[in-house]
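# Notes for the structure review
Letter by letter, the chains look like this.
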Amino acid sequence: MSDQNKSYAVVTGASKGIGKSIAFELAKKGFNLLLIARSADELAKLSREIATEHGVATDFMAIDLGEYNSPKKVADWIDEKKYRINTLVNNAGYGIWGQFKELDLQAQMEMCRLNMDTVVSLCHLLIPALSKEKQSYILNISSTAAYQAVPTLAIYSATKAFVLSFTRALRFELKNTSISVTCMSPGPVDTGFAHRAGLDAFSKMAEKFNMQPAEVAAIAVKGMLGRKSEIVPGLTNIVSVYANRFLPKSFIEKMAAGIYKV
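Every value quoted in this text rests on a predicted model; they were computed, and no experiment measured them. (Residues numbered from 1 in each chain as written. Predicted model: local features only at pLDDT ≥ 70, side-chain atom pairs only at ≥ 80, totals over all residues. Heavy atoms only, no water.)

### Observations regarding the pattern of salt bridges
For side chains bearing opposite charge, pairing can occur when the charged atoms are close. Using the criterion set out here, one finds 6 salt bridges in the structure. Of the charged contacts in the structure, one is a salt bridge between aspartate 59 and lysine 81, with a shortest N-O distance of 2.9 Å. Separated by 22 residues along the polypeptide, aspartate 59 in strand β3 (residues 58-62) and lysine 81 in the loop between α3 (70-80) and β4 (84-90) bring together distant segments of the chain. With relative accessibility at 33%, the residue lysine 81 sits in the partly exposed group. For lysine 72, the salt bridge identified is with aspartate 76, shortest N-O distance 3.0 Å. Of the two residues, lysine 72 and aspartate 76 both sit in helix α3, 4 residues apart, roughly one turn of that helix. (Salt bridge = Lys/Arg side-chain N within 4 Å of Asp/Glu carboxyl O. Helix = DSSP H or I, 4+ residues; strand = E, 2+ residues; numbered from the N terminus. Buried < 20%, exposed > 50% of the residue type's maximum accessible area, 1.4 Å probe, protein only.)

So this is what it looks like as structure tokens:
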């Protein structure tokens, strides 16, 4: 389903995990959706399911956002279809676990491109369209890993620190516009992140602390619509983030290294 006369929310990494749950949460609140991810089959199924269940307009684009110039292709697709947009959710991203010097450099650089470059590019390319709406939103997904260095997740945590810092600055720059900018930094979520990162051993321990994607999505959307600057879902995660402000960095990094040790 599609209707170019209505405003849409763009959600990246929408086919699974937090992105999929955010898409459902937005649809529950009446948002029309443009779903972006790699799998055309999964997106087509999700698009039909959301449209049927919530009666909103949907469309999708299957593309690997980690590839060079993909953000431009997304922006061009939106422009060519003459879609109005009032929300951008930058959710696509992943982590790679291991010793920095032993991990493949190209794989790490590809992760940097998706986790950072894509976020920056989509914000820059879509802000002009978002600015045309009476009220619009940008929601960037970071991680509690952004608040400290994490040995064996060195590049991932650094990319998420970038997202957090970038979002803070962007929010300030756009404070007198119609665009509200929010950053959400979840902790462990039951999304398969640990498995993809190569953290199978850690995933069993993380199950004790995992939040469910639907729970995180509800908190994210509520905070975004409430124009919050930063969201950390879950009491345990809030405590850990605040602890980073007062405890010595060397102590925090030693703890993190112990949790994610090779």
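### Here we look at the packing of helix α4 (residues 105-130) against helix α5 (residues 154-173)
Here α4 crosses α5 at 15 degrees, and the two axes come no closer than 9 Å. Considering the angle they form, α4 stands roughly parallel to α5. Pair α4 / α5 crosses with right-handed handedness. When α4 is examined against α5, the residues Gln108, Met111, Cys112, Asn115, Met116, Val119, Val120, Cys123 and Ile127 are found in contact with a partner set consisting of Ile155, Tyr156, Thr159, Lys160, Phe162, Val163, Phe166 and Leu170. Within the contact of α4 with α5, the residues separate by chemical class into 13 nonpolar, 3 polar and 1 charged. (Axes fitted to C-alpha atoms, helices over the stretch in contact; angles between N-to-C directions. Parallel < 35°, antiparallel > 145°, perpendicular 65-115°, else oblique. Left-handed = near helix turned anticlockwise from the far one by under 90°. Contact = heavy atoms within 4.5 Å. Nonpolar A, V, L, I, M, F, W, Y, C, P; charged D, E, K, R; others polar.)

### A look at the environment of alanine 145
Relative to the elements of secondary structure, alanine 145 occurs in the loop between β5 (136-141) and α5. Look at alanine 145 and you get buried, because its relative accessible area is 9%. Between the alpha carbons of alanine 145 and alanine 158 there is a distance of 8.1 Å; along the sequence they are 13 residues apart. Filtering out sequence-adjacent residues up to four positions away, alanine 145 remains in contact with Val150, Tyr156 and Ser157.

### Let's talk about the nonpolar core
Grouped together as the largest cluster of nonpolar side chains are 35 residues, with contacts concentrated most on Leu34, Ile36, Val74, Ile78, Ile85, Leu88 and Ile138. Among the secondary structure elements, those contributing two or more residues to this core are β1 (7-12), β2 (32-37), α3, β4, α4, α5 and β6 (179-184). With residues up to four places along the chain from it excluded, the contact list for leucine 34 reads Tyr8, Ala9, Val10, Val11, Asp59, Trp77, Ile78, Tyr83 and Ile85. In this structure, Ala23, Ala37, Val89 and Ile141 belong to the second largest nonpolar core, which totals 30 residues. (Core = buried A, V, L, I, M, F, W, Y, C linked by side-chain atoms within 4.5 Å.)

### Quick notes on α4
Here α4 spans 36 Å end to end across 26 residues, near enough to the 38 Å set by a 1.5 Å rise per residue. The sharpest bend along α4 comes to roughly 35 degrees, located at aspartate 117. The backbone nitrogen of glutamine 106 lies 3.2 Å from a side-chain oxygen of the residue at the head of α4, namely aspartate 104. (Expected span 1.5 Å × (residues − 1). Bend = angle between axes of the 7 residues up to and from the residue. Polar contact = N/O pair within 3.5 Å; in protein donor to acceptor, adjacent residues only side chain to side chain.)

### Topic: the sheet that holds β1
Strand order in the open sheet formed by 7 strands is β3-β2-β1-β4-β5-β6-β7, and the pairing between neighbours is parallel. The sheet terminates laterally at β3 and β7 (230-231), the two strands that pair on one side only. Pairing analysis gives 5 bridges linking β1 to β4, with the strands arranged parallel. Of the residues in β4, the one forming a bridge with valine 10 is leucine 88. The sheet contacts of α3 involve β1, β2, β3 and β4, and relative to β3 the element is tilted by about 150 degrees. (Pairing = 2+ DSSP bridges.)

### Here's the deal with unusual backbone geometry
One non-glycine residue, asparagine 69, adopts positive backbone phi at about 75 degrees. Tracing the backbone through its elements, the reader meets asparagine 69 in the loop between β3 and α3. Of the residues examined, asparagine 69 reaches a relative accessible area of 37% and is grouped as partly exposed. A positive phi is found at lysine 82, a non-glycine position, where the angle reads about 60 degrees.

### Observations concerning the pairing of β2
Buried residues dominate β2, accounting for 6 of its 6 residues. Alternating residues of β2 divide into Asn32, Leu34 and Ile36 and Leu33, Leu35 and Ala37, and every residue in both groups is buried. Sheet topology note: the β1/β2 ladder contains 5 bridges and is parallel. Residue pairing in the sheet places tyrosine 8 in a bridge with asparagine 32 of β2. Where β2 and β3 come together, 5 bridges link them in parallel fashion. By the bridge assignment, leucine 35 is partnered in β3 with phenylalanine 60.

### Concerning the environment of proline 233
Position of proline 233 among the secondary structure elements: in the loop between β7 and α9 (235-246). As a C-alpha pair, proline 233 and glycine 187 span 46 residues in sequence and 7.6 Å in three-dimensional space. Setting aside its immediate chain neighbours within four residues, proline 233 contacts Met184, Ser185, Pro186, Met211, Val216 and Ile219.

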